[in-house]
Amino acid sequence: MSATTLSPADIKDDIKDDGRIPLRGHLRHTGALVRRNLLWIRQDPESMFDALLMPVVFTLLFVYVFGGSIGQALGGGQDGYVQYVIPGMIAMMSMTLSQGVGTGFSQDFNSGVMDRFRSLPIGRGSVLFAKVSVELVRMLFATTVLMIVAVLVGFDINSWPGLFAAVGLAAVFASSIMWVFLTLGVILKNAQSVQAMGFLVLFPLQFGSSIFAPTASMPGWLQAFTDYNPLSTLADAARGLMVGGPVAHDLWVTLGWSVAITAVMAPVAIHKFRTKS
């Protein structure tokens, strides 16, 4: 497969006389780049191992290692903990897999693929939107695997519309976080640096949240952090949608975080991509 499915001849008609690229051209370029990235995954199926294995490993680990003790504290035993943690795991998947878009972007820069893209008269945002789109496909695949394992360990799907709404909310939040990692993929020198920085971001956000355990027993200063942690609001909103409980506040806070992060980081990522030397 060539480095790209776009060629100057293919995109010449998408450019106006004044050099502007209309919306139709941007969509066409994005679609072609999405196809290129999906073909790359087909040629390199090992790149899907994290999306396949991570939901299995984390679900079995938390359900069977921590489920008994935390479940007792919740008053429902291991079965109760399964109902608690699975919606939180959907939130965790949205954050953890978002890191892959930054490492993949950095690898494309170091391999010279991005030099080819930057030499073509295509919208710079199309390259980034294509990356986000394909990473969302990977996230949805991982979420499907997660739900299969969840049912096998005893999770009850009480509301299919609630499940789809929770996955959709997680996808919206994930797409916003991907702009952060795209920016890191541009400004940091290699994929290892992106992974290291991602770990520093992910670790406190995931474990300083309500994903794996209720926050009521945490110290007051940590509870203050979890109250404003978007992963807590995402996990609680997913829990309310899938299992039952209050939803509105956590839903709007999560959407607010998603819009704010995208509004700030998407222009930064596109600008850094355009000006990277």
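All figures in this text were calculated on a predicted structure; none of them were measured in a lab. (Residues numbered from 1 in each chain as written. Predicted model: local features only at pLDDT ≥ 70, side-chain atom pairs only at ≥ 80, totals over all residues. Heavy atoms only, no water.)

Visitor: Hey, could you run me through the pattern of salt bridges in this one?
Guide: One side chain can pair with another of opposite charge once the charged atoms of both are near each other. With the rule as written, the count across this model stands at three salt bridges. Notably, a salt bridge pairs aspartate 50 with arginine 138, separated by 2.9 Å at the nearest N-O pair. With aspartate 50 in helix α3 (residues 49-74) and arginine 138 in helix α7 (residues 124-152), this residue pair connects regions lying 88 residues apart in the sequence. For arginine 138, a relative accessible area of 7% corresponds to the buried category. Among the ionic pairs, aspartate 236 bridges to arginine 239, the shortest N-O distance being 2.8 Å. (Salt bridge = Lys/Arg side-chain N within 4 Å of Asp/Glu carboxyl O. Helix = DSSP H or I, 4+ residues; strand = E, 2+ residues; numbered from the N terminus. Buried < 20%, exposed > 50% of the residue type's maximum accessible area, 1.4 Å probe, protein only.)

Visitor: Mind showing me how you'd approach the packing of helix α4 (residues 77-96) against helix α8 (residues 160-187) here?
Guide: Axis angle and axis distance: for two packed helices, these are the angle between their axes and the distance between the axes, and together they describe the pair. One way to put it is that α4 packs onto α8 with a least axis distance of 8 Å and a crossing angle of 25°. Of the possible angle classes, the one that applies to α4 and α8 is roughly parallel. The element α4 and its partner α8 pack so that their crossing is right-handed. Packed against α4, whose contacting residues are Ile90, Ser94 and Met95, the element α8 presents Leu163, Ala166, Val167, Ala170, Phe173, Ala174, Ile177 and Phe181 at the interface. Classifying every residue of the contact of α4 with α8 gives 10 nonpolar, one polar and no charged. (Axes fitted to C-alpha atoms, helices over the stretch in contact; angles between N-to-C directions. Parallel < 35°, antiparallel > 145°, perpendicular 65-115°, else oblique. Left-handed = near helix turned anticlockwise from the far one by under 90°. Contact = heavy atoms within 4.5 Å. Nonpolar A, V, L, I, M, F, W, Y, C, P; charged D, E, K, R; others polar.)

Visitor: What exactly am I supposed to notice about the confidence of the model for the protein here?
Guide: Detailed reading of the predicted coordinates is not advisable wherever pLDDT is low. With 89% of its residues at a pLDDT of 70 or more, the protein shows a mean pLDDT of 84. Of all secondary-structure elements in the protein, the lowest mean pLDDT belongs to helix α1 (residues 8-11), at 51, while helix α11 (residues 230-242) reaches the highest, 95. (pLDDT = per-residue confidence, 0-100.)

Visitor: Help me out: how do you make sense of a nonpolar patch on the surface in this one?
Guide: Side chains of Met197, Phe199, Leu200, Val201, Phe203 and Phe207 sit close together on the surface and give an oily, nonpolar patch of about 570 Å² of accessible area. With respect to the helices, strands and loops of the structure, valine 201 is situated in helix α9 (residues 191-207). Judged by relative accessible area, which is 31%, valine 201 ranks as partly exposed. (Patch = residues over 30% accessible without salt bridge, like charges linked within 9 Å, V, L, I, M, F, W, Y side chains within 5 Å. Areas by Shrake-Rupley, 256 points an atom, 1.4 Å probe, with all protein chains shown as cover.)

Visitor: So what exactly am I meant to see when it comes to the environment of glutamine 83 here?
Guide: Following the sequence through the fold, glutamine 83 ends up in helix α4. Classification of glutamine 83 by relative accessible area gives buried; the value is 15%. Once the C-alpha coordinates of glutamine 83 and glycine 71 are considered, the two residues, 12 residues apart in sequence, prove to be 9.7 Å apart. Beyond its immediate chain neighbours, meaning those up to four positions away, glutamine 83 contacts Gly154, Phe155, Asp156, Asn158 and Val243. A distance of 2.8 Å separates a polar side-chain atom of glutamine 83 from the backbone nitrogen of aspartate 156. (Polar contact = N/O pair within 3.5 Å; in protein donor to acceptor, adjacent residues only side chain to side chain.)

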